[in-house]
Amino acid sequence: MAKIIVVTSGKGGVGKTTSSAAISTGLALAGHKTVVIDFDVGLRNLDLIMGCERRVVYDFVNVINKEASLKQALIKDKRTSNLFILPASQTRDKDALTIEGVQAVLDELKESFDFIICDSPAGIEQGAQMALYFADEAIVVTNPEVSSVRDSDRILGILQSKSMRAEQGKAVKEHLLLTRYNPARVETAEMLSVADVEEILAIPLLGVIPESESVLKASNQGQPVILDEEANAGQAYTDAVKRLLGETVEHRFLDAEKKGFFKRLLGGK
Amino acid sequence: MTETCFRMKGTTLTSIVLEIIDFDPDVFESQLEAKVASAPQFFTRSSLIIHLQKTLSATEFELLIALCRRLQLQPMAVKGDVAELRPVINDLGLADISQSKTSDSDINTSTADAANQAEARQTGAKQAEVGKNTGNHNKTPSASQVNYSAPEVEATPVVPVLKPAKVIMRPVRSGQQVYAEGSDLVVTASVSEGAELLADGNIHVYGTLRGRALAGVKGNNNARVFCQSLDAELVSIAGQFIMHDTVKGECWKKPAQIYLEEDTLRIEALV
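Conventions adopted
Residues numbered from 1 in each chain as written. Chains lettered and ligands numbered in written order. Predicted model: local features only at pLDDT ≥ 70, side-chain atom pairs only at ≥ 80, totals over all residues. Heavy atoms only, no water. UniProt positions renumbered as here; feature names shortened; annotations may be inferred. Helix = DSSP H or I, 4+ residues; strand = E, 2+ residues; numbered from the N terminus. Buried < 20%, exposed > 50% of the residue type's maximum accessible area, 1.4 Å probe, protein only. Contact = heavy atoms within 4.5 Å. Areas by Shrake-Rupley, 256 points an atom, 1.4 Å probe, with all protein chains shown as cover. Expected span 1.5 Å × (residues − 1). Pairing = 2+ DSSP bridges. Axes fitted to C-alpha atoms, helices over the stretch in contact; angles between N-to-C directions.

Chain B is annotated in an unreviewed UniProt entry as Probable septum site-determining protein MinC of Alteromonas hispanica. The UniProt entry for chain B carries this comment under Subunit (unreviewed entry): "Interacts with MinD and FtsZ." Taken verbatim from the UniProt record of chain B, the Function (unreviewed entry) comment is "Cell division inhibitor that blocks the formation of polar Z ring septums. Rapidly oscillates between the poles of the cell to destabilize FtsZ filaments that have formed before they mature into polar Z rings. Prevents FtsZ polymerization."

Looking at an unreviewed UniProt entry, one finds chain A named Septum site-determining protein MinD and attributed to Alteromonas hispanica. Per UniProt, chain A has the following entry under Function (unreviewed entry): "ATPase required for the correct placement of the division site. Cell division inhibitors MinC and MinD act in concert to form an inhibitor capable of blocking formation of the polar Z ring septums. Rapidly oscillates between the poles of the cell to destabilize FtsZ filaments that have formed before they mature into polar Z rings." One UniProt comment on chain A, placed under Subunit (unreviewed entry), says "Interacts with MinC and FtsZ."

Here is the structure:
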């Protein structure tokens, strides 16, 4: 039975699409047949991050409107087997998404995939609600700053009241993914710590992705950052995927790197 | 567009059942007067269901109602032996509930309702105590404070149909609003900034209260807000409110309760 996971945040620019690309790639690398759907109709981005922007012919809205078959619209990832992308339409808006339409597409995808990752648009309106409505699990992407935390809190409230599982009296399994984490700035109290965010949101921590130049580089190259095995961010996403699959992996990159002498002196990790 | 001018809802209310075992006007009057005098605050203006276990004549019945009304009780319905009395009941503006389904007759003996009964006695006792020490702040009754003896109201089975508290086991998130209508509200998790709790009764938060908490929204001055860690944006009791800056006193981020004392909200540490 396919699992539907929404990647959401409320706030924009926190790393939903980057995380969707990385996590879906990670799941596919682990051997699970995965599809990642861009729900950001009108502001299509996932195709860029996945590096398949020139291969988009049909999109999600075409499939909903039965102008194309799912098979025609799905783009097979060139780097990772088992991975498919369903891009958003750039010429429509969020109203093109209907509950029935989305459900029909998801039902069809469920038959042949293990994981369906829904990359939610920012906000709490139609697009975001469609992305989370059918979710079994939710990855809430949060930056360590107050406005992002509050928006994540808001979206958690919506998950608990407006998702299909909530309407059926069941819970959506929630995961916290803290991105753009900079331990040095946490130490100088410029940034909220993992503990601060966990205390406010009170949901299990899936992973902490350190702020890293490699993320921007990977995005611009159209290559999910998880494929960059050298980068801290890539490794952190790999850990997060393992946790999502039920493994217990210790959290890394939570402390500022201290160099040489100081590192030994302070006993830093 | 026409708006609907009414809504129909079910409700339950606490009332006293006055069982008429025998009726001699003089004896009845003096006994009832004594009973009411034992806890005037409790009995005054309380609604009354008359349960006729003895057949009364129309005149007797009218007298009975008049006596009750003189003592400021509010008879509202009649059950039991009402056969001959229907026209009078009607004339007096009372309801005949002899046909209605009721469940109170066994309550005295039913163990399941023991808790309810205990609560009933507490309520009675609490009310009586308030009556005696007028002006005193109405303290939440704890076992030691409650004076059971005063109106351990031998007969009158006051069976309050308590509306159970609304219990929320998950965090209340930013943008969510929870209203406990006619009852207390209990949250066993934290309440986020931007979330709002409303209750006609008390509010208990067994987590951090970062959002807004409005207790006694329909004007209950005795309502209180209790929380494990006080970090609230706003706390209000019966319309009186304090904002974050005021809340940020010595009980900041500590277990605390907030209550109303002579129109002023007081914050007190819970030790």
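Read on for the rest.
1. A few points about the overall build of chain A
Scanning chain A from N- to C-terminus turns up 13 helices and eight strands. Within chain A, the proportion of its 269 residues that are buried is 54%. Taking contacts inside chain A between residues at least 6 apart in sequence as the whole, the part at least 24 apart equals 74%. Carbon and sulfur atoms provide 49% of the accessible area of chain A, an area that totals close to 12200 Å².

2. Points about helix H1 (residues 16–29) of chain A
A rise of 1.5 Å per residue sets the reference length of H1(A), with its 14 residues, at 20 Å; its end C-alpha atoms lie 20 Å apart and thus fit the reference within 8%. Of all the 14 residues making up H1(A), 13 are buried; the element is thus mostly covered by neighbouring parts of the structure.

3. Observations concerning the sheet that holds strand S6 (residues 177–180) of chain B
All names here are of chain B. Reading across the sheet, the five strands line up as S6-S8-S10-S12-S13 and stay open at both edges, with mixed pairing between neighbours. Only two strands of the sheet have a single partner each, and these edge strands are S6 and strand S13 (240–243). Each strand axis lies, on average, 10° off the axis of its neighbour in the sheet, ignoring direction. Taken together, the four bridges between strand S10 (residues 212–215) and strand S12 (residues 234–237) define a ladder with parallel strand orientation. Bridged to arginine 212 within S12 is leucine 234.

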